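Commentary on secondary and tertiary structure
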Amino acid sequence: MSDIALSRSADYGRLTRIRATQPEEIAASAARRQRRGLPGEGERLLIIAADHPARGALGVRDRPFAMASRVDLLDRLRLALSRPGVDGILASPDVLEDLLLLGALEGKLAFGSMNRGGLQGSVFEADDRFTGFDAAAIDTMRLDGGKMLCRIDPSDHATVTTLESCARAVTELARRRLVAMVEPFWSLRSESGALRNDLSPDAVIRAISVAQALGVTSAYTWLKIPAVAEMERVMAATTLPALLLGGDPPDIDAAYADWHRALSLPGVRGLVVGRALLYPPDDDVATAVDGAAALVREART
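The rules we used
Residues numbered from 1 in each chain as written. Predicted model: local features only at pLDDT ≥ 70, side-chain atom pairs only at ≥ 80, totals over all residues. Heavy atoms only, no water. Buried < 20%, exposed > 50% of the residue type's maximum accessible area, 1.4 Å probe, protein only. Helix = DSSP H or I, 4+ residues; strand = E, 2+ residues; numbered from the N terminus. Contact = heavy atoms within 4.5 Å. Axes fitted to C-alpha atoms, helices over the stretch in contact; angles between N-to-C directions. Left-handed = near helix turned anticlockwise from the far one by under 90°. Nonpolar A, V, L, I, M, F, W, Y, C, P; charged D, E, K, R; others polar. 1 Å grid on protein atoms, 1.4 Å probe; cavity = no way out; pocket = protein on both sides within 12 Å on 5 of 7 lines; lining within 4 Å. Points joined across faces, edges and corners; volume = space filled by probe spheres on them. Salt bridge = Lys/Arg side-chain N within 4 Å of Asp/Glu carboxyl O.

**Some thoughts on helix H7 (residues 201-211)**
Since the α-helix advances by 3.6 residues per turn, residues separated by three or four positions end up pointing in the same direction. For H7, every residue scored as buried is listed here: Pro201, Ala203, Val204, Ile205, Ala207, Ile208 and Ala211. For H7, the elements touching its buried residues are strand E4 (145-152), strand E5 (179-189), strand E6 (195-198), strand E7 (221-225) and helix H8 (231-235).

**Some points on the packing of helix H3 (residues 70-82) against helix H4 (residues 93-101)**
Where H3 meets H4, the axes come as close as 11 Å, and the angle between the chain directions of the two elements is 60 degrees. Like other packed secondary-structure pairs, H3 and H4 cross with a definite hand, here right-handed. Facing Arg70, Leu74, Leu77, Arg78 and Leu81 of H3, the residues of H4 in contact are Asp94, Val95, Asp98 and Leu99. A class-by-class count of the residues in the contact of H3 with H4 yields five nonpolar, no polar and four charged.

**What to know about the layout of surface pockets**
As a volume, the largest pocket reaches approximately 1,100 Å³. Residue lining of the largest pocket: 48 residues in total, with Phe185, Asn197, Leu245, Gly247 and Asp248 positioned closest to the centre. Here the second largest pocket defines a volume of roughly 190 Å³. Each residue belonging to the lining of the second largest pocket can be placed in one class, and the counts come to 10 nonpolar, three polar and four charged.

**Thoughts on the pattern of salt bridges**
Within the structure shown, the criterion is met by 26 salt bridges. Of the charged contacts, one joins Asp98 and Arg70 as a salt bridge, the two residues approaching to 3.9 Å between their closest N and O atoms. Placement of Asp98 in helix H4 and of Arg70 in helix H3 is noted, with a sequence separation of 28 residues between them. Judged by relative accessible area, which is 7%, Asp98 ranks as buried. The closest approach of N and O atoms between Arg151 and Glu125, which form a salt bridge, is 3.0 Å. Taken together, the residues span a long stretch of sequence, with Arg151 in strand E4 and Glu125 in the loop between strand E3 (109-113) and helix H5 (135-140) at a distance of 26 residues. Shared partners join several salt bridges into a network, and the residues in it are Arg19, Arg70, Asp94, Glu97 and Asp98.

As structure tokens, this is what we get:
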């Protein structure tokens, strides 16, 4: 076994030992973590997303269990976070805690994923209950904000519960002066019963209009939205900062072109991308991340 492989094995063995015998070390690592600030005027962010497994969404393109190995996911995340131009991470509690213990979050922004209850493919998928971080834990862990999925299906009664829960989370984060990153979609069921997000410009504008009004204040609300057609018209629907999501694009070159165009718009503050960079078609994580970082750097100038 190579020295690198031995070191990797020791790192992940240490995670299990700490979790079994010293769980308090997670909070201690969070308290010690070196933080960084939110972007200044003209700056853009590149955030790596890793909260998909918590919703049972393990697939990438034609690989249904691409994200099933936690060790492999952590390897990819550590590599991505080590690349120049990567500003931080968005993840569920379990992933953030692993990265904290591995020392991979020093000097990075960290956003906690809050509602992961709408499991992919379930009959209750539109019921995006808050099963992850809450605002108090995000504050205690010294994270920089919380992210929430807000799917709006007018035909599903669960939507109103999701809206109410997201509004409460926005309010509780704002009271602590923490960013509320809201990811809104106008969604509908297909004939097969699958929940699908409507990515037409009109639907994205409608979802933004609802999401930006959630909570008692929007002072600390950011949007996480897709790069779609007519982005100038989409971004005209809001004065809030927006980050572009990556999703699982079938054509990565087309996705880069879409991000490049959208990053030139004044309200767009950067990218939040997970699977497209962590599991690129050629499995070259470093090159994929560097390409996205180059787009963000170009937008900063």
